[in-house]
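A structural walkthrough
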Amino acid sequence: MESESPLKKAGGCGLGLDIMAVLFLLSVLLLRGMVWASEKALPWLIDAGRIALDVCVVGLLPLCIFRKTRPWAGFAFYLVSFLFGTMLFAFSCLVVVQIWGYGGLIFGLILGGVGVVPVAFFASLFHAEWPLFWDVVFGTVLTFGARFLGIYLSTPKKVEEQDEVSV
């Protein structure tokens, strides 16, 4: 059995360190890119969210009255909830970076991506940033409210069969 030379061992260790450094650099670039994209997209998302909220209140809520149009309104509410969720994620990403830095953002992303919203919630709560806190709460209620309303309206209801009364 031949043992590896010390030079070969050092080369393997150096290659491993290089790969780790490249992966770390890519992670940093992805995080910075996500924050940059959130900064650039958030004004557009806020405008789109306002328009979508107006359409939901003025256009879709009246459609919920009629039985035939409820599934269509539900489908629209469900789709709009993704816009609200994207807006909430971008906003929460910026809140976390501003209050707790990239460490808080990494922690939130480790929690499966959606963890950024609870981290923004707690960061704004612990630092008494009440306008940010209420914005995160409102965005969460708006996102999940629209999604659950859409699912509820789109789910077919069973018509209860009434027993005929025989005389």
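Residues numbered from 1 in each chain as written. Predicted model: local features only at pLDDT ≥ 70, side-chain atom pairs only at ≥ 80, totals over all residues. Heavy atoms only, no water.

Here we come to the packing of aromatic side chains. Going through the model one piece at a time under the given rule, you end up with eight aromatic pairs. Note on Phe121 and Phe122: the rings are 5.2 Å apart at their centroids and 80° apart in plane angle, and the pair reads as edge-to-face. The exposure class assigned to Phe122 is partly exposed, which follows from its relative accessible area of 38%. Residues Phe133 and Trp134 carry aromatic rings whose centres are separated by 4.9 Å and whose planes lie at 80° to one another, so their mutual orientation is edge-to-face. A relative accessible area of 8% places Phe133 in the buried class. For Trp134, a relative accessible area of 53% corresponds to the exposed category. Of the aromatic side chains, those joined through ring pairs into one cluster are Trp100, Phe121, Phe122, Phe126, Trp130, Phe133 and Trp134. (Phe/Tyr/Trp six-rings, centres within 6.5 Å; stacked < 30°, edge-to-face > 60°. Buried < 20%, exposed > 50% of the residue type's maximum accessible area, 1.4 Å probe, protein only.)

This paragraph deals with the environment of Leu53. Inspection of the secondary structure assignment puts Leu53 in helix H1 (residues 6–63). Under the relative-accessibility criterion, Leu53 is labelled partly exposed at 28%. For the pair Leu53 and Ser81, spaced 28 residues apart in sequence, the C-alpha to C-alpha distance is 9.9 Å. If we skip the residues at most four places from it in the chain, Leu53 touches Phe84 and Leu142. (Helix = DSSP H or I, 4+ residues; strand = E, 2+ residues; numbered from the N terminus. Contact = heavy atoms within 4.5 Å.)

Moving on, we come to unusual backbone geometry. The phi dihedral of Ala128 falls on the positive side, at around 55°, and the residue is not glycine. Inspection of the secondary structure assignment puts Ala128 in the loop between helix H3 (116–126) and helix H4 (130–154). Under the relative-accessibility criterion, Ala128 is labelled partly exposed at 42%.

Below, the discussion takes up the nonpolar core. In this structure, Val35, Leu42, Phe77, Phe84, Val96 and Leu105 are the most contacted members of the largest nonpolar core, which totals 30 residues. Every element with two or more residues in this core is listed here: H1, helix H2 (70–110), H3 and H4. Tallying contributions element by element places H2 first for this core, with 14 residues. Setting aside chain neighbours within four positions, we find Leu42 in contact with Met87, Ala90, Phe91 and Leu94. (Core = buried A, V, L, I, M, F, W, Y, C linked by side-chain atoms within 4.5 Å.)

With that settled, the discussion passes to the side chain of Ser38. As for its placement among the helices and strands, Ser38 is situated in helix H1. Taking the relative accessible area as the measure of exposure, Ser38 reaches 6% and is therefore buried. What Ser38 contacts, discounting residues up to four positions off in sequence, is Ala90, Cys93 and Leu94.

In this section: a nonpolar patch on the surface. Taken together, Trp72, Phe75, Tyr78, Leu79, Phe82, Phe144, Phe148 and Ile151 make up a surface patch of nonpolar side chains, about 850 Å² in accessible area. Every element with two or more residues in the nonpolar patch is listed here: H2 and H4. With five residues, H2 is the largest single contributor of residues to the nonpolar patch. Structurally, Phe75 can be placed in helix H2. Classification of Phe75 as partly exposed rests on a relative accessible area of 44%. (Patch = residues over 30% accessible without salt bridge, like charges linked within 9 Å, V, L, I, M, F, W, Y side chains within 5 Å. Areas by Shrake-Rupley, 256 points an atom, 1.4 Å probe, with all protein chains shown as cover. Salt bridge = Lys/Arg side-chain N within 4 Å of Asp/Glu carboxyl O.)

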